[in-house]
Amino acid sequence: PRLRVDNGFRIFKYDGTLVHTEKVEGELYQVTWRPAKPNTYQDRPASPGAGARSTPGASGPGGANLPPTGPPKAYVPPHLRGKEGTAAVRPAFSLHDYEEAGKVGGASALGGVSLPPGASAEEDGKLSKGALKKKKAKEKAEREQIEALALEDTNRALAAAGIDVAAGGG
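Owing to the predicted nature of the structure, the values given are computational and were not obtained by experimental measurement.

Rules behind the numbers
Residues numbered from 1 in each chain as written. Predicted model: local features only at pLDDT ≥ 70, side-chain atom pairs only at ≥ 80, totals over all residues. Heavy atoms only, no water. Helix = DSSP H or I, 4+ residues; strand = E, 2+ residues; numbered from the N terminus. Buried < 20%, exposed > 50% of the residue type's maximum accessible area, 1.4 Å probe, protein only. Contact = heavy atoms within 4.5 Å. Areas by Shrake-Rupley, 256 points an atom, 1.4 Å probe, with all protein chains shown as cover. pLDDT = per-residue confidence, 0-100. Salt bridge = Lys/Arg side-chain N within 4 Å of Asp/Glu carboxyl O. Expected span 1.5 Å × (residues − 1). Polar contact = N/O pair within 3.5 Å; in protein donor to acceptor, adjacent residues only side chain to side chain. Patch = residues over 30% accessible without salt bridge, like charges linked within 9 Å, V, L, I, M, F, W, Y side chains within 5 Å. Pairing = 2+ DSSP bridges.

**Comments concerning the overall build of the protein chain**
Now for step 1: Each helix and strand counted, the protein chain has 4 helices and 2 strands in total.
Now for step 2: Overall, the protein chain shows an N-to-C arrangement of helices and strands of β-β-α-α-α-α.
Now for step 3: The buried share of the protein chain, taken over its 170 residues, is 7%.
Now for step 4: Residue pairs in contact within the protein chain that sit at least 24 positions apart in sequence constitute 23% of those at least 6 positions apart.
Now for step 5: Of the roughly 15,300 Å² of accessible surface on the protein chain, 56% is carried by carbon and sulfur atoms.

Below you can see the structure in the form of structure tokens.
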């Protein structure tokens, strides 16, 4: 679909300062530069101070007119924002302590059986309703497969003995 909202174009100078903004009410299909013949405009040196406003690699056109930013700061969760000493409020976390306490599915928690984190050795009584249903369906399919093989073997043995077996079989 074509862009139908905020159609328009903006023209910037070489140093990133905005020169002109044009909004279009209908559909805007294409905007391109109209090339000029070489030596139509004289080549001039950069304006004094233009390099200070424009920083290469900064976001925005030419990196100009952007607020100065300091070094990136550590992420603070929303519930801790605006509080003094957020590092002191958060409890210290040590994965080693959790493994030793048996809270992470590691070899120490399961007596030598290593499972991925978040997994636990569950028994039938601890399975979820969906997992239990899936397990029962799998066991039923295995039983039916074993019964079908046994019936096939029986029919083969009867046929070898010369006993007529009904075409339906079972």
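Alright, that's what it looks like, and here's the rest.
**Structural notes on the confidence of the model for the protein chain**
Now for step 1: Averaged over all residues, the pLDDT of the protein chain equals 75, while 65% of them reach at least 70.
Now for step 2: No element of the protein chain has a lower mean pLDDT than helix α2 (residues 86-89), at 52, and none a higher one than helix α4 (residues 129-160), at 93.

**Some words on the pattern of salt bridges**
Now for step 1: The tally for this structure, following the rule as stated, stands at 2 salt bridges.
Now for step 2: Residue R156 is joined to E152 by a salt bridge in which the shortest nitrogen-to-oxygen separation is 2.7 Å. Within this pair, R156 and its partner E152 are both found in helix α4, separated by 4 residues, close to a single helical turn.
Now for step 3: On the basis of relative accessibility, which here comes to 44%, the residue E152 falls in the partly exposed class.
Now for step 4: Close ionic contact of R156 with D153 constitutes a salt bridge, the shortest N to O distance being 3.2 Å. With a gap of 3 residues between them, R156 and D153 both fall in helix α4, about one helical turn apart.
Now for step 5: Overlapping salt bridges bring together E152, D153 and R156 as one network.

**Re α4**
Now for step 1: Compared with an ideal rise of 1.5 Å per residue, which puts 32 residues at 46 Å, α4 spans 47 Å between its outermost C-alpha atoms and is within 8% of the ideal.
Now for step 2: Two residues or fewer past α4, G162 is found with a positive phi of approximately 85°.

**Here's the deal with the side chain of N7**
Now for step 1: One can find N7 in the segment before β1 (8-12).
Now for step 2: Side-chain polar atoms of N7 contact the backbone oxygen of G26, separated by 2.9 Å.
Now for step 3: Not counting residues within four places of it along the chain, the set of residues in contact with N7 comprises E22, K23, V24, G26, E27 and L28.

**A few points about a nonpolar patch on the surface**
Now for step 1: Taken together, the side chains of I11, V19 and W33 present a nonpolar region at the surface, about 370 Å² in accessible area.
Now for step 2: Within the element layout of this structure, V19 appears in strand β2 (residues 18-23).

**Observations regarding the pairing of β1**
For a regular strand, side-chain orientation follows a simple rule: the groups alternate between the two sheet faces.
Now for step 1: Note: β1 against β2, 5 bridges, orientation antiparallel. Paired with F9 across the two strands is E22, which belongs to β2.
Now for step 2: Hairpin remark: β1 followed by β2, antiparallel, with 5 residues in the connecting loop; positive phi at G16, about 100°.

**Things to note about unusual backbone geometry**
Now for step 1: Non-glycine residue N39 carries a positive phi angle of around 65°.
Now for step 2: With respect to the helices and strands, the residue N39 is situated in the loop between β2 and α1 (50-53).

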